[in-house]
Amino acid sequence: MANNYILVVFDSCRYDSFLRARPKVMRKLGKVQRRFSYASWTSPSHYNLLIGLMPHLSPKHVYASEYYKKEFLHFNERLGQQNIEFRSLVPRLYLPLFLRETLGYRTHAMVSLPVLNPKTILNEGFDTYKLMDKHNDMRAMVRQLKFPADRPSFYLLNVGETHYPYALPDEPEEEWPRISGVHGVFKHLDEHVVGGKLKKSKEKFFDDQKMETLRRRQIRAVSHLDRVVEELFDIVPKNTYITITSDHGELFGEEGYFGHGPIQHPKVWEVPFVEGKIR
Ligand SMILES: [Zn+2]
């Protein structure tokens, strides 16, 4: 029987935040690798993941096509197959379609970030695709997972606790760190535009102390998620392969940067990557 496959994406989680949280549970999957995202923003990065481009190892003295072929073959292990051929992925090059139509998977996505909502083009080849009610509650996703025995299941879980403002689900919203324009850009962008121009913000950029607070909040979010992943491990069937990674890193003040997206800095590419079966 093919494996169930769960791709867990901790949105914005830096590699070093992941390490500093010392997650005992997630490390049971295998060695935590330092990898690099192909994109620095949520949507393009999830598109990459869904065409099967896992974060890369930045190998030297090798042709991109050779590295890609080698990496692609890891899907045999992930899916419990032996002869997955690259040509079965083309021409559409989309993992959910390939899993559903070629390998007979049930395909589901649960996403936390509104930029990945079900109306976006990413929702192709999924049986179900859901934007969660809260942006920061992986536990709510875990509780909805089902693995019927007749066919294998694929889940994409986009997890938001590690995204700004790095809030845990039980933390009251009034206690979240705040800055105008960062909260709810998606919902409120137009309110900041007057006469086709952006209103000038009166906010100052975060100072060093604020950056450190935010960094610690992301590390705390990873520690919290390690406990949620333990609950995930408890409910998945034996033949389930899990990949945990991030869609991009995050800057906490290095060289004057905060966040991710329009940033050219090594820390925006660096992401954790760990995968395997639990038992
Ligand atoms: Zn993201």
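About the thresholds
- The numbering scheme is per chain: residues are counted from 1 as the chain's sequence reads.
- For a predicted model such as this one, the threshold for reporting local features is a pLDDT of at least 70, and the threshold for listing and counting side-chain atom pairs is 80 or more; totals across whole chains, interfaces and linings nevertheless cover every residue.
- Side-chain metrics in this entry use all non-hydrogen atoms of the structure; hydrogen atoms and water are not considered.
- Only nitrogen, oxygen and sulfur atoms count as donors, using a 2.8 Å cut-off from the metal that widens to 3.2 Å for Na, K and Ca. Water is left out, so coordination shells may look unfilled.
- Tetrahedral means four donors with every angle between 85 and 135 degrees, whereas square planar (four donors) and octahedral (six donors) require angles over 155 degrees between opposite donors and between 65 and 115 for all others; sites fitting neither are termed irregular.
- Counting from the N terminus, the helices are DSSP H or I runs at least four residues long and the strands are E runs at least two residues long.
- Buried residues are those whose accessible area, probed at 1.4 Å on protein chains only, stays under 20% of the maximum for their type, while exposed residues exceed 50% and partly exposed ones sit between those limits.
- DSSP bridges decide pairing: two strands pair if at least two such bridges lie between them.
- Every axis in this analysis is a line fitted to C-alpha atoms, fitted for helices over the stretch in contact. Angles between the N-to-C directions lie between 0 and 180 degrees.
- One side-chain nitrogen of Lys or Arg within 4 Å of one carboxyl oxygen of Asp or Glu is enough to make a salt bridge.
- Residues are said to line a cavity or pocket when one of their atoms sits within 4 Å of a point; the points come from a 1 Å grid over protein atoms alone, cavities being sets where a 1.4 Å probe fits but cannot get out and pockets being open sets with protein on both sides within 12 Å along at least five of seven lines.
- Grid points are joined across faces, edges and corners, and a volume is the space filled by probe spheres set on the points.
- Residues are grouped as follows: Ala, Val, Leu, Ile, Met, Phe, Trp, Tyr, Cys and Pro are nonpolar; Asp, Glu, Lys and Arg are charged; every other residue, Gly included, is polar.

S.K.: Run through the coordination of the zinc ion, naming residues and quoting values.
M.R.: All of the protein donors around the zinc ion are Asp 11 (OD), Thr 42 (OG1), Asp 247 (OD) and His 248 (NE2); their distances to the metal are 2.0 to 2.1 Å. Around the zinc ion sit four donor atoms; with metal-centred angles ranging over 97 to 118 degrees, the donor geometry is tetrahedral. Binding-site remark: the zinc ion is held by donors from one chain whose sequence spacing is D-x30-T-x204-D-H. Pair noted here: Asp 11 is in the loop between strand E1 (4-10) and helix H1 (15-20) and Asp 247 is in the loop between strand E8 (240-246) and strand E9 (251-252), with a separation of 236 residues, a long-range link. Classification of Asp 11 by relative accessible area gives buried; the value is 0%. In this structure Asp 247 comes out as buried when scored by relative accessible area, which is 0%.

S.K.: Let's hear about the sheet that holds strand E2 (residues 33-36): which residues, and what values?
M.R.: Strands sit in the order E2-E11-E8-E1-E5-E3-E4 across an open sheet of seven strands; the sheet is mixed. Every interior strand has two partners, whereas the edge strands, E2 and strand E4 (128-131), have only one. When the angles between neighbouring strand axes are averaged without regard to direction, this sheet yields 15 degrees. Relative to strand E11 (residues 270-277), E8 is paired through five bridges, and the arrangement is antiparallel.

S.K.: Just give me the short version of the pattern of salt bridges, but keep the residues and values in it.
M.R.: Tallied over the full model, the rule gives 18 salt bridges. Asp 16 is the salt-bridge partner of Arg 14, the closest N and O atoms lying 2.7 Å from each other. Across the pair, Asp 16 and Arg 14 agree in class, each one buried. A salt bridge links Glu 71 to Arg 35; the nearest nitrogen and oxygen atoms lie 3.0 Å apart.

S.K.: So what's going on with empty space enclosed by the protein? Residues and values would help.
M.R.: Counted under the stated rule, the structure contains two cavities of 30 Å³ or more. Along its surface, the largest cavity is lined by Tyr 38, Gly 52, Leu 53, Met 54, Tyr 67, Tyr 68, Glu 71 and Phe 72. In this structure, the second largest cavity is lined by Ser 37, Tyr 38, Ser 45, Asn 48, Leu 49, Leu 53, Met 54, Pro 55, Ser 246 and Asp 247. Among the elements that make up the lining of the second largest cavity, the one with the highest residue count is helix H2 (residues 42-50) (three residues). Taken together, the residues of the lining of the second largest cavity sort by class into five nonpolar, four polar and one charged.

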